[in-house]
Amino acid sequence: MSKRPYYLAGGAAMLVVLIVLQLPERTANQLKLTLGGLFLPLFGLAGSGEGLVQETAQALTTRGQLLRQVTELRELNQRLQLQVTQLQEAWRENTRLKQALGWQQNAGWRLKPARVLGQDPANWWRTLHISLGARDGVRTDAPVLTADGLVGRVTDVGFTRSHVVMVGDPGCRFSALVQETRDKGIITPDASTLDHLLVGFTFVPIGAGLRPGQWVLTSGDGGVFPKGIPVGQVVDIQTNEFGLYLEARVRLSVNLNRLEEVWVLFP
Amino acid sequence: MGAVSMSRINTLGLLGLAFLAVFAESYLRGMRNLLGVQIDLLPSLVAYAALTGGLPTVVLLALLGGMWFDSLSANPLGISALSLLVTGMIIHYYRGLILRDRFYPQFLIGLGASAAVPVLTLLGILGTWTEPLLGWWSIWQWIVLALVGAVFTPACFGLSQWFNRVFNYVPAQEASFRADREIDRGRDPHADH
């Protein structure tokens, strides 16, 4: 067989790929979102299927179980209402003190729920797609979280969906602090383990009183994530090889492998 | 399939399968939660196409499959298409030397393709000065990817045989008996009496 068709077809295909690879970042991202949009009907169909299964499962729940759940939820609701009352009082006190000192007021969080459409099919990234886009007012770098803690930030925004880079991905490094001691460090990916819920917490000052079990929160530095979102708990600590700073491993408070719904935080 | 040449419907079926495979890799998390690895079926499909189909099928599958994959990933757009294309074209070039109708070569070609594609993709990503998440556990992921791809490639052949039986036109084989060639033994009706 002649080798000519190989060279022609191979050359033409390589040329197409190289042109695509050389596209400006913005154009490439828009093209990615457009191509990814082809999968939206399938994601929608799969989501509807899951919903149907859940509804069927709920329909099969007995009356006794439902009544038990209602009782438990009522108790939980009362406890949460008490906590809200306490927190509202603390908030009012905080506001009065800030006014007295002339400090800037913290704006309350504005959140919108989003459904997780899918995760990154490649093994070397930790990203996901959510069902909110520019149509819903999502912007690049918007923080994404759940009730348990931080998930990540929005990187690319399409019309009806967005791409989110999760905590632990090389593209999501940020400043965090230890809740008890207020020592700051940087959250980085941890490539040493197969456990996707462990991340690194580095550049913590040598004298910091780091202990396993302490909570790590976003510090608010950098301007992307607001202060105080839970990231996870310290698992173990070691001094870096030159003895310049401490390095810890943090177990994320959010199980990133089982996300179904998230909240996007709006400024 | 092997001996049967690839028709347009086969190419379309293969593209449809690649589309569904990319969707499943993004949507389903079972393997990721169980083994810590998300499997990738595109290298197996490209290996199958390279062993049985024409060059346009290989190129089309590599380009579209790679682009679809990258559109749902943080990979630079086109990087997976490049690695799938290189792998597919090499297999297609040497397929005359491969006993492609046998299980063992199919398994080995699937293993090689599924091992080569992630390595080529990662080399491409590192070439763009982007830092992917790599560690010692990446070797485990690589082994699982290669093994799953190796098993899936012969499965593609079986699936394709079933697909051909169901959807492709197979001409009815002519029977050896033909009425106009029947030898009529006995008394000759045209003989002079």
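Here, every reference points to the structure presented above.
The rules behind the values
Residues numbered from 1 in each chain as written. Chains lettered and ligands numbered in written order. Predicted model: local features only at pLDDT ≥ 70, side-chain atom pairs only at ≥ 80, totals over all residues. Heavy atoms only, no water. Helix = DSSP H or I, 4+ residues; strand = E, 2+ residues; numbered from the N terminus. Contact = heavy atoms within 4.5 Å. Buried < 20%, exposed > 50% of the residue type's maximum accessible area, 1.4 Å probe, protein only. Areas by Shrake-Rupley, 256 points an atom, 1.4 Å probe, with all protein chains shown as cover. Lys, Arg positive; Asp, Glu negative; His and termini not counted. Charge placed at Lys NZ, Arg CZ, Asp CG, Glu CD. Polar contact = N/O pair within 3.5 Å; in protein donor to acceptor, adjacent residues only side chain to side chain. Buried area = accessible area lost by both parts, 1.4 Å probe. Salt bridge = Lys/Arg side-chain N within 4 Å of Asp/Glu carboxyl O.

**Overview of the overall build of chain B**
Here comes step 1: Tallying secondary structure elements over chain B gives seven helices and zero strands in all.
Here comes step 2: When the helices and strands of chain B are read in sequence order from the N terminus, they spell out α-α-α-α-α-α-α.
Here comes step 3: The long-range fraction of contacts in chain B, counting pairs at least 24 apart against all pairs at least 6 apart in sequence, stands at 73%.

**With respect to the overall build of chain A**
Here comes step 1: Helix and strand counts for chain A come out as four helices and 12 strands.
Here comes step 2: Expressed along its principal axes, the backbone C-alpha trace of chain A runs to roughly 80 × 60 × 40 Å.
Here comes step 3: Split into buried and exposed, the 267 residues of chain A put 40% on the buried side.
Here comes step 4: Taking as baseline every contact in chain A between residues at least 6 positions apart, the subset at least 24 positions apart corresponds to 56%.
Here comes step 5: About 15,500 Å² of surface is accessible on chain A, with carbon and sulfur atoms providing 56% of the total.
Here comes step 6: Between the mean site of the 27 positive side-chain charges and the mean site of the 23 negative ones, chain A shows a separation of 5 Å.

**Examining the side chain of Ser162 of chain A**
Residues and elements named next belong to chain A.
Here comes step 1: In this fold, Ser162 is placed in strand β5 (residues 162-166).
Here comes step 2: There is a polar contact of 2.6 Å between the side chain of Ser162 and the backbone oxygen of Leu132.
Here comes step 3: Not counting residues within four places of it along the chain, the set of residues in contact with Ser162 comprises Leu128, His129, Ile130, Leu132, Gly133, Val138, Val154, Asp156 and Val157.

**Overview of the environment of Asn240 of chain A**
Here comes step 1: Tracing the backbone through its elements, the reader meets Asn240 of chain A in the loop between β10 (230-239) and β11 (246-252).
Here comes step 2: For the pair formed by Asn240 of chain A and Leu145 of chain A, sequence separation is 95 residues and the distance between their alpha carbons is 30 Å.

**Overview of the interface of chain A and chain B**
Here comes step 1: Listed by partner, the interface residues are 49 residues for chain A and 52 residues for chain B.
Here comes step 2: Carbon and sulfur atoms supply 68% of the area buried between chain A and chain B, which totals about 4,700 Å² over both sides.
Here comes step 3: On the chain A side of the contact with chain B, Pro121, Asn123 and Trp124 of chain A bury the most area, a combined 17% of that side's loss.
Here comes step 4: Applying the counting criterion to the chain A and chain B interface returns one salt bridge.
Here comes step 5: Residues Arg173 of chain A and Glu131 of chain B are paired through a salt bridge, measuring 2.9 Å at the closest nitrogen-oxygen approach.
Here comes step 6: Summed over the shared surface of chain A and chain B, the result is 16 residue pairs in polar contact (both at pLDDT 80 or more).
Here comes step 7: In terms of residues, the side of chain A that touches chain B owes the most to one element, helix α1 (residues 4-21) of chain A, which gives nine residues.

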